[in-house]
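# Summary of structural features
Spelled out from the first residue to the last, the chains are:
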Amino acid sequence: IELIRKSSWDKSELDEPSIIETCCPGRNLALVASSNQIAIFDYLQCKVAQSLRIPSGDTICSASFHPSGNHIIVAFKDKLQLANVLVDGIAPFWEAHVESCIDCKFNRRGTIFAAICGKSIIVYDFLNGREICKFDCNGTNFTKLKWGANCTAHVVC
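What this report covers is the structure whose coordinates are included nearby. None of these values were measured; they are calculated from a predicted model.

## Some remarks on the overall build of the protein chain
Scanning the protein chain from N- to C-terminus turns up one helix and 14 strands. The long-range share in the protein chain, meaning contacts at least 24 apart out of those at least 6 apart in sequence, stands at 35%. Counting only carbon and sulfur atoms, one obtains 51% of the accessible surface of the protein chain, whose full area is about 8,200 Å².

Here it is, written out as structure tokens:
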């Protein structure tokens, strides 16, 4: 976080970064997000490489890199959004409307991703964006999603 504070991250217009995730090995990138902006941060050059400002009314709850570093998934309270990481910016290309989304993550292979939405976990196919399955968990509030080495999902209550 100290590198980001010393960088070109615009502190006058943005909240303190709240989501930070590094990319795959070999790519010196980190995904940085505040409540109203997503940025791809090059931590070797200590600068923001690409960024995307979020329209007012939408608040970012979670964000995650695809293992290739070429895509990101962003969770808002009411939707999930996939975006391509391009040389000159970030371009959203897919969206799903969900309720009470709080976390999202790609699996280690990048073939599927999951989101915690209220008391459910929804798993999607990355290639076509279709919902693969939905796990409803009565009475349990999940807070965090993590993928295991063998691509099994682990959740934190």
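After that view, the rundown keeps rolling.
## Examining the state of the cysteines
Across all of its chains, the model carries zero disulfides by this definition. Left unpaired, Cys-61 is separated from the closest cysteine sulfur, that of Cys-101, by 6.6 Å. Note on Cys-61: relative accessible area 23%, which makes it partly exposed.

## Concerning the environment of Leu-127
Locating Leu-127 in the fold gives a position in the loop between β11 (120–125) and β12 (131–136). Given the relative accessible area of 78%, Leu-127 is considered exposed. Sequence separation of Leu-127 and Gly-110 is 17 residues, and the distance between their C-alpha atoms is 9.3 Å.

## Here we look at the nonpolar core
Counting 17 residues, the largest nonpolar core has Leu-31, Ile-38, Ile-40, Ile-60, Phe-65 and Ile-72 as the members making the most contacts within it. Broken down by secondary-structure element, the contributors of at least two residues to this core are β2 (29–33), β3 (37–42), β5 (60–65), β6 (71–76) and β7 (79–86). Leaving out residues up to four positions away in the same chain, Phe-65 has contacts with Glu-21, Thr-22, Cys-23, Leu-29, Ala-30, Leu-31, Ile-40, His-71, Ile-72 and Phe-106. Cys-104, Phe-106, Cys-117 and Ile-122 belong to the second largest nonpolar core, which has 16 residues in total.

## A few points about the pattern of salt bridges
If you walk through the whole model with that rule in mind, you get three salt bridges. The salt bridge involving Lys-79 is made with Asp-58; its shortest N-O contact spans 3.2 Å. Of this pair, Lys-79 sits in strand β7 while Asp-58 sits in the loop between β4 (47–53) and β5; the two residues are 21 residues apart in sequence, bridging distant segments of the chain. Judged by relative accessible area, which is 12%, Lys-79 ranks as buried. A salt bridge links Lys-105 to Asp-103, with the nearest nitrogen and oxygen atoms 4.0 Å apart. Of the residues examined, Asp-103 reaches a relative accessible area of 0% and is grouped as buried.

## As for the environment of Glu-95
Note that Glu-95 resides in strand β8 (residues 89–97). What makes Glu-95 partly exposed here is its relative accessible area of 37%. Residues Glu-95 and Leu-80 lie 15 residues apart in sequence; the distance between their C-alpha atoms is 5.6 Å. Contacts of Glu-95, omitting those with residues within four sequence positions, involve Lys-79, Leu-80 and Gln-81. A distance of 2.9 Å separates the side chain of Glu-95 from the side chain of Gln-81, its partner in a polar contact. Within polar-contact distance, the side chain of Glu-95 engages the side chain of His-97 at 3.5 Å.

Procedures and definitions
- Residues numbered from 1 in each chain as written.
- Predicted model: local features only at pLDDT ≥ 70, side-chain atom pairs only at ≥ 80, totals over all residues.
- Heavy atoms only, no water.
- Helix = DSSP H or I, 4+ residues; strand = E, 2+ residues; numbered from the N terminus.
- Contact = heavy atoms within 4.5 Å.
- Areas by Shrake-Rupley, 256 points an atom, 1.4 Å probe, with all protein chains shown as cover.
- Disulfide = S-S within 2.5 Å.
- Buried < 20%, exposed > 50% of the residue type's maximum accessible area, 1.4 Å probe, protein only.
- Core = buried A, V, L, I, M, F, W, Y, C linked by side-chain atoms within 4.5 Å.
- Salt bridge = Lys/Arg side-chain N within 4 Å of Asp/Glu carboxyl O.
- Polar contact = N/O pair within 3.5 Å; in protein donor to acceptor, adjacent residues only side chain to side chain.

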